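The chain contents come next:
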Amino acid sequence: MYPQSPLMGQMMNQPLLISGILEFAARHYANSEIVSQRVEGDLHRYTFRDCHRRARQLANALEALGVRMGDRVGTLAWNGYRHLEAYYGVSGSGAVLHTINPRLHPEQLAYVCNHAENQYLLFDFCFLPIVEAIAAHCKTIKGYILLGDADRMPADSKIPNLLCYEDLLAAQTDEYAWPRFDENSASTLCYTSGTTGNPKGVLYSHRSTVLHAYASALPNVLNVSSRDTVMPVVPMFHVNAWGLPYSVPLSGAKMVFPGPALDGKSVYELMEAEKVTFSAGVPTVWLGLINYALQNNLKFSTFRRTVIGGSACPPAMMNTLIDEFGVEVIHGWGMTEMSPLGTTGGLLTKHMELPKAEQRKILQKQGHAIYGVDMKIVDDDGTELPWDGVAYGNLLVQGPWIAARYFKDEGGDVLQDGWFPTGDVATIDPDGFMQITDRSKDVIKSGGEWIGTIDLENIAMSHPAVMQAACIGVFHPKWDERPLLVVVRRPGQDVSREALLAHFDGKVAKWWLPDDVVFADALPVGGTGKIQKNKLREQYKEHRLPTA
Ligand code: AMP
């Protein structure tokens, strides 16, 4: 609580509520379209006005089912209009939307459902086998709502109290007044990926979500306007699709949801058909799209801007998108605990005259803080390090859309003097541009010195024969750990270990050079599209380096 001034402002005191975003879109951009590639296989289209009507029917249906303020309602769904209705119908009515990553292991799915104490679970019918597998282990769920028409309901199913979404909505009127309540009430719950231990819940509030939506639409950030057609490729089950289901409606832009079809061909064809101008996704998804377009000699007719984050955008990917396709790349950084956006890349006026190569170096950084987020880098004793672009340290953040603790206080007090430790290691330059050198768990500790793996991976991926690369530390008798590079070659391309090592010459300090290279058919990728380095470390833990 903060002290009150003897003279308080006299503005209307309206709480910042998620329902207000859709209410605004439906009233002021009523005819902006929402197009969805459905799990059913067809394309569905309607408007913000329709979405608002059905979100209100959903709110009535939830009330009829006995869902009350603060109750958790889970979703297991791809990006689509029904999921969007749940974003607003659930949170808007005062209940808490728990978006669940279907790529989690069934045991983890049951764990998060129980931990969240979900009352109901809404799911796409393609996830029926998953729901059948976990239902017996989910102790608090009173009913399972299949997101589809009655004809999609299975004839016989072991799932207790299986309900049909469309029937539930059809039984309700769209007369519903969104309740007003404290903007600090919980709105949404999302669990971290949990690479080590159980996933932890991050509980967003209406206030944090609305502020994040406002800030993320700004020109320096995602620059979303009513003239855009936005395709969130990043899933709605992972940190609210980077806030796009909120920032797009408040901007009045058209939305295009790709559903489950995330391969290069499907994404390309939907982008072209619906004239998508802006999209957002992780590097592994863009890899598929870029390869498809290159192999088929295709260009984009309307796609002009993309934000790439979730893991470092390889410079080679950025260069291809800009130089081959004329697509502006905004490098974004954030995390589940940050709603997720913290920084976005871009150029300042003084950079406009720089040679292209210098400009790219700036664009390749994870970027500048967004208003609302403060950050600093500290050494292991907590002493703040200079913003000189050279000193690197643990990155700490604070702001109104950054978690202060985890749901049910898992992990105890996480803040350090009011700052959230991100677990990332970074530099910050004098202009405030932050660059991640590594995740602290992935840094290679060679003879007490740190080697950042992102740089090494980016250099490897700048070789034309390399499609993906991951660098991990493996045991070395003298230096404790030394870098091992795991490489996936492009189909039909070849490069030897020696040629790849020679490609590093002059690009990094000699002691950073990988000690060895191994070739793999694929790299393990987790549920949120990140390369699972813990799995690689396990796989290569017996690898004997030639230098050992
Ligand atoms: P998550 O909570 O699953 O979204 O993961 C957040 C983590 O992903 C961050 O702490 C970073 O380690 C990593 N990350 C996200 N964006 C980037 C980026 N642009 N570059 C490097 N790492 C990133």
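Predicted, not measured: the structure shown is a model, and the values here were computed from it.

### With respect to the domain arrangement of the protein
Per the domain assignment, the segments making up the protein are domain 1 (28-261) and domain 2 (444-539). Between the C-alpha centres of domain 1 and domain 2 there is a distance of 38 Å.

### Thoughts on the UniProt feature "domain: AMP-binding enzyme C-terminal" (unreviewed entry) in the protein
In the numbering used here, UniProt assigns the "domain: AMP-binding enzyme C-terminal" (unreviewed entry) feature to residues 456-530. With 16% helix and 33% strand, the stretch residues 456-530 has end C-alpha atoms that lie 17 Å from each other.

### Points about the site of the ligand
Contacts to the ligand come from 16 residues, most closely from G332, T336, Q366, D424 and R439. Interatomic distance of 2.8 Å between a backbone N/O atom of G332 and a nitrogen atom of the ligand. Burial of the ligand by the surrounding chains reaches 92%, relative to a free accessible area of 500 Å². With four residues, strand β14 (residues 328-334) is the largest single contributor of residues to the shell around the ligand. Tallied by class, the residues present in the shell around the ligand amount to three nonpolar, ten polar and three charged.

### Overview of the packing of aromatic side chains
Enumeration according to the criterion identifies 14 aromatic pairs in this entry. Pairing W286 with F303 gives two aromatic rings, centres 6.1 Å apart and planes at 40°, and the pair type is tilted. Here the residue W286 occupies a position in helix α11 (residues 283-295), and F303 occupies one in the loop between α11 and β13 (305-308), the gap between them amounting to 17 residues. Look at W286 and you get buried, because its relative accessible area is 1%. With relative accessibility at 1%, the residue F303 sits in the buried group. Where W511 meets W512, the ring centres are 6.1 Å apart and the plane angle is 75°; that geometry is what we call edge-to-face. Through a chain of ring-to-ring contacts, the aromatic side chains of Y268, W286, Y292, F300, F303 and F325 assemble into a single cluster. It is K200 that lies over the ring of Y406; its NZ or CZ is 5.1 Å from the centre.

### Quick look at the side chain of R54
Along the chain, R54 turns up in helix α2 (residues 48-64). Accessibility expressed as a relative area gives 12% for R54, which makes it buried. For R54, the side chain forms a polar contact with the side chain of E166, separated by 2.9 Å. The residues touching R54, leaving out its near neighbours within four places in the chain, are Y46, Y81, R82, E85, Y165, E166 and L169.

Quick notes on the rules
Residues numbered from 1 in each chain as written. Predicted model: local features only at pLDDT ≥ 70, side-chain atom pairs only at ≥ 80, totals over all residues. Heavy atoms only, no water. Domains from an automatic or database assignment. UniProt positions renumbered as here; feature names shortened; annotations may be inferred. Helix = DSSP H or I, 4+ residues; strand = E, 2+ residues; numbered from the N terminus. Near = heavy atom within 4 Å. Polar contact = N/O pair within 3.5 Å; in protein donor to acceptor, adjacent residues only side chain to side chain. Areas by Shrake-Rupley, 256 points an atom, 1.4 Å probe, with all protein chains shown as cover. Nonpolar A, V, L, I, M, F, W, Y, C, P; charged D, E, K, R; others polar. Phe/Tyr/Trp six-rings, centres within 6.5 Å; stacked < 30°, edge-to-face > 60°. Buried < 20%, exposed > 50% of the residue type's maximum accessible area, 1.4 Å probe, protein only. Lys NZ or Arg CZ within 6 Å of the ring centre and 35° of its normal. Contact = heavy atoms within 4.5 Å.

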